[in-house]
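Chain residues, written in single-letter form:
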Amino acid sequence: MFAMDDGRIIVYGGYYKEKVKKDYDKGIILIDMYMLTPEKGDTDCSNYRWSKVKQAGSLPTARCSLSGSPIPGHNKAYVFGGVYDEEQGEDDLTSTFYNELYMLDMEQNTPTWRFISVKELASEEAQNLVNSETPAPTPRSHSGLAFKHNTLFVYGGIVEKGSKSLTLSDFYSLDIKKLKKWNVICNDDILKTVTSDCSSDDSMSTGDSSSESSESDGSSSDGQMDTD
């Protein structure tokens, strides 16, 4: 939801549960858009009217829990991230998180989406300074988003790793005029820690299996020796 400088309020998408059978509700993601417009001559902003509006441009794929921030002085807003939950059955849910950035232009009667691409550093010298790909916020939902002095800020969010739901606390900024790279203000190693823990668990499981296999082979050999 965005409040525009001209008094309009934009409501985009959403999520609700639809009952499929007695003990099963299916999640439905909405991608429609509505506009709440003040009536002409309304000086105290007490009379509004709803209208469903068409969308144009490069619309994001279906998702919910996006983060948005209006651009002061303009009828535009930036939208980041989100998550799409796909239900394979009653107990099987797959979540896809996003880190895409869009701008929603509402200057005209038809809100228009534009995908924002952050340029990679072109020079070899600049690439050597970075030592890796341009850092960018990892895919996530429910981020904090703010815009000030031509800079977009992204803070934290929620992401899932396996069966764990993680709350992030990293902090990024992006110069909207240059769009060259994301700047890391504050890192969060929680994803690396969880990935490392999962790898350790897998290694331990593999080691245990190998140990059990060796013991089994040893027992089998002993059995053969006794038989002989």
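See the structure printed just above.
So, here is what we can say about the structure in this document. Source: prediction; values computed, not measured.

1. A few points about the overall build of the protein chain
Alright, step 1. Secondary structure assignment for the protein chain yields 2 helices and 15 strands.
Alright, step 2. When the 228 residues of the protein chain are sorted by exposure, 28% land in the buried category.
Alright, step 3. Here the contacts in the protein chain between residues at least 6 apart in sequence split such that 48% fall between residues at least 24 apart.
Alright, step 4. Counting every atom, the protein chain has about 14600 Å² of accessible surface; 48% of that belongs to carbon and sulfur.

2. A few points about unusual backbone geometry
Alright, step 1. In this structure, S65 is a non-glycine residue whose phi angle is positive, near 60°.
Alright, step 2. Look at S65 and you get partly exposed, because its relative accessible area is 25%.
Alright, step 3. You will see that L179, though not glycine, has its phi angle at about 55°, which is positive.
Alright, step 4. By the element assignment, L179 lies in the loop between β14 (164-175) and β15 (182-186).
Alright, step 5. On the basis of relative accessibility, which here comes to 15%, the residue L179 falls in the buried class.

3. Section: the pairing of β15
Alright, step 1. In this structure, β14 lies alongside β15, joined through 4 bridges in antiparallel fashion. For F171, the partnering residue across the bridge sits in β15 and is C186.

4. Some remarks on the sheet that holds strand β13 (residues 151-161)
Each strand in a sheet pairs with its neighbour through backbone hydrogen bonds, running either in the same direction (parallel) or in the opposite one (antiparallel).
Alright, step 1. In spatial order, the strands read β12-β13-β14-β15; together these 4 strands make up an open sheet with antiparallel pairing. The open sheet has two edge strands, β12 (144-148) and β15, and neither has a second partner. Strand-to-strand twist across the sheet, computed as the mean angle between neighbouring axes with direction ignored, equals 30°.
Alright, step 2. As defined by bridge partners, β13 adjoins β14 across 10 bridges and the pair is classed as antiparallel. Bridge assignment links Y155 to a residue of β14, and that residue is F171.

5. Focus: the side chain of S143
Alright, step 1. Position of S143 relative to the elements: it lies in the loop between α1 (124-130) and β12.
Alright, step 2. Overall, S143 belongs to the buried group, its relative accessible area being 11%.
Alright, step 3. Engagement of the side chain of S143 in a polar contact is seen with the backbone oxygen of G156, the distance being 2.9 Å.

6. Regarding the packing of aromatic side chains
Alright, step 1. For the coordinates displayed, the defined rule picks out 9 aromatic pairs.
Alright, step 2. Centroid distance Y155 to F171: 5.6 Å. Interplanar angle 90°. Geometry classified as edge-to-face. Separated by 16 residues along the polypeptide, Y155 in strand β13 and F171 in strand β14 bring together distant segments of the chain.
Alright, step 3. Overall, the relative accessible area of 27% leaves F171 in the partly exposed class.
Alright, step 4. Taken together, the ring pairs connect Y12, Y102, W113 and F115 into an aromatic cluster.
Alright, step 5. Across from the ring centre of Y98, 3.8 Å away, lies the NZ or CZ of R63, which sits over that ring.

Calculation rules
Residues numbered from 1 in each chain as written. Predicted model: local features only at pLDDT ≥ 70, side-chain atom pairs only at ≥ 80, totals over all residues. Heavy atoms only, no water. Helix = DSSP H or I, 4+ residues; strand = E, 2+ residues; numbered from the N terminus. Buried < 20%, exposed > 50% of the residue type's maximum accessible area, 1.4 Å probe, protein only. Contact = heavy atoms within 4.5 Å. Areas by Shrake-Rupley, 256 points an atom, 1.4 Å probe, with all protein chains shown as cover. Pairing = 2+ DSSP bridges. Axes fitted to C-alpha atoms, helices over the stretch in contact; angles between N-to-C directions. Polar contact = N/O pair within 3.5 Å; in protein donor to acceptor, adjacent residues only side chain to side chain. Phe/Tyr/Trp six-rings, centres within 6.5 Å; stacked < 30°, edge-to-face > 60°. Lys NZ or Arg CZ within 6 Å of the ring centre and 35° of its normal.

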